[in-house]
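Observations on the three-dimensional arrangement
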Amino acid sequence: GLLDYKTGRIIPHDNYYMPHSEFIEGIYVGSVYQSIMQSNPLGNSFVISLLSSDYFEIFNIDNNHVHRVYEHKDATMPQVHIKAKIGTEYTIDYDKSLAGNVNVTTTKDKIYFLYSDVSYSEYSEKDEANYIKVYDWNGKHLEDLVLPFAVSRIIATENLLYCIKQDVDKVVIYTFGLDNIA
């Protein structure tokens with residue numbers, strides 16, 4: 001949940017959607033779907049992206065209320081095993097699920113997703129991608145960026161993109177001007 005500045009609970013006005021909610025209920029929803037969350041540096045918005053997919057939602061916070069601004073409805077959702085596979089009732093099928101948005105970073109105007117179009121199983125062998133999808137805080141797709149090589153994580157500032165690449169014996173941090181990436 002979310003807390004306001006007086007540590008009171010903020011109640012979302014929108015129902016929080018989870019894929020496959022017709023057969024995954026209660027506590028199992030949270031244990032099956034993992035997500036990454038990043039806030040707007042101005043503090044009034046945040047984005048939640050489901051792992052093993054390219055699904056994401058953008059929310060605004062105002063006057064102790066949370067409002068969904070955008071839901072990426074054309075996304076490829078995680079594929080789920082309905083039967084027990086690893087000791088739980090439901091699990092993600094990583095062989096059939098898209099890796100999708102594997103990392104997210106934000107600036108005051110934009111959301112950057114490090115994106116992989118292979119299965120999550122295939123992606124996890126290297127844990128790297130070189131494709132970035134860029135959106136504004138209203139969910140409008142602005143552009144796609146292609147890095148000259150695959151990286152593990154990205155961090156954006158207003159005009160720079162820091163990329164972390166794990167080599168065999170070292171971690172390397174590369175810096176790109178956001179105007180210089182095609």
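Please read all numbers here as calculations on a predicted model, not as lab measurements.

What counts and what doesn't
Residues numbered from 1 in each chain as written. Predicted model: local features only at pLDDT ≥ 70, side-chain atom pairs only at ≥ 80, totals over all residues. Heavy atoms only, no water. Core = buried A, V, L, I, M, F, W, Y, C linked by side-chain atoms within 4.5 Å. Buried < 20%, exposed > 50% of the residue type's maximum accessible area, 1.4 Å probe, protein only. Helix = DSSP H or I, 4+ residues; strand = E, 2+ residues; numbered from the N terminus. Contact = heavy atoms within 4.5 Å. Pairing = 2+ DSSP bridges. Axes fitted to C-alpha atoms, helices over the stretch in contact; angles between N-to-C directions. Lys, Arg positive; Asp, Glu negative; His and termini not counted. Salt bridge = Lys/Arg side-chain N within 4 Å of Asp/Glu carboxyl O. Patch = residues over 30% accessible without salt bridge, like charges linked within 9 Å, V, L, I, M, F, W, Y side chains within 5 Å. Areas by Shrake-Rupley, 256 points an atom, 1.4 Å probe, with all protein chains shown as cover.

Right, let's talk about the nonpolar core for a bit. One finds Y112, L114, I132, L147, I154, L161 and C163 to be the most contacted residues of the largest nonpolar core, which totals 17 residues. Elements with a minimum of two residues in this core: strand 9 (98–106), strand 10 (110–119), strand 11 (129–136), strand 12 (141–151), strand 13 (153–156) and strand 14 (160–166). The contact partners of L114, leaving out residues within four places of it in the chain, are G100, N101, V102, N103, A129, N130, Y131, I132, V151, S152, R153 and I154.

As summarised here, the arrangement of the 3 strands in space is 13-14-15, forming an open sheet in which the pairing is antiparallel. Each edge of the sheet is formed by a strand with only one pairing partner; in this case those strands are strand 13 and strand 15 (171–177). For this sheet the average axis-to-axis angle between neighbouring strands, irrespective of direction, equals 20°.

The next thing to look at is the side chain of D54. Tracing the backbone through its elements, the reader meets D54 in the loop between strand 4 (45–50) and strand 5 (56–62). Of the buried charged residues, D54 lacks a salt bridge, with K133 as the closest side chain of opposite charge at 4.5 Å. When sequence neighbours within four positions are dropped, the list of residues in contact with D54 reads H72, A75, T76, L98, G100, N101, Y115 and K133.

The next point concerns a nonpolar patch on the surface. Residues I155, Y162, V171 and I173 make up a contiguous nonpolar surface patch of about 360 Å² in total accessible area. For Y162, the location among the structural elements is in strand 14.

One pass over the structure, following the stated rule, counts 4 salt bridges. Across the pair R153 and D127 runs a salt bridge, and its minimum N-O distance is 3.9 Å. You can see R153 sitting in strand 13 and its partner D127 sitting in the loop between helix 2 (120–126) and strand 11, a full 26 residues away along the chain. Notably, a salt bridge pairs E128 with K165, separated by 3.2 Å at the nearest N-O pair. With a gap of 37 residues between them, E128 in the loop between helix 2 and strand 11 and K165 in strand 14 connect regions that are remote in the sequence. Residue E128 shares its accessibility class with K165, and that shared class is buried.

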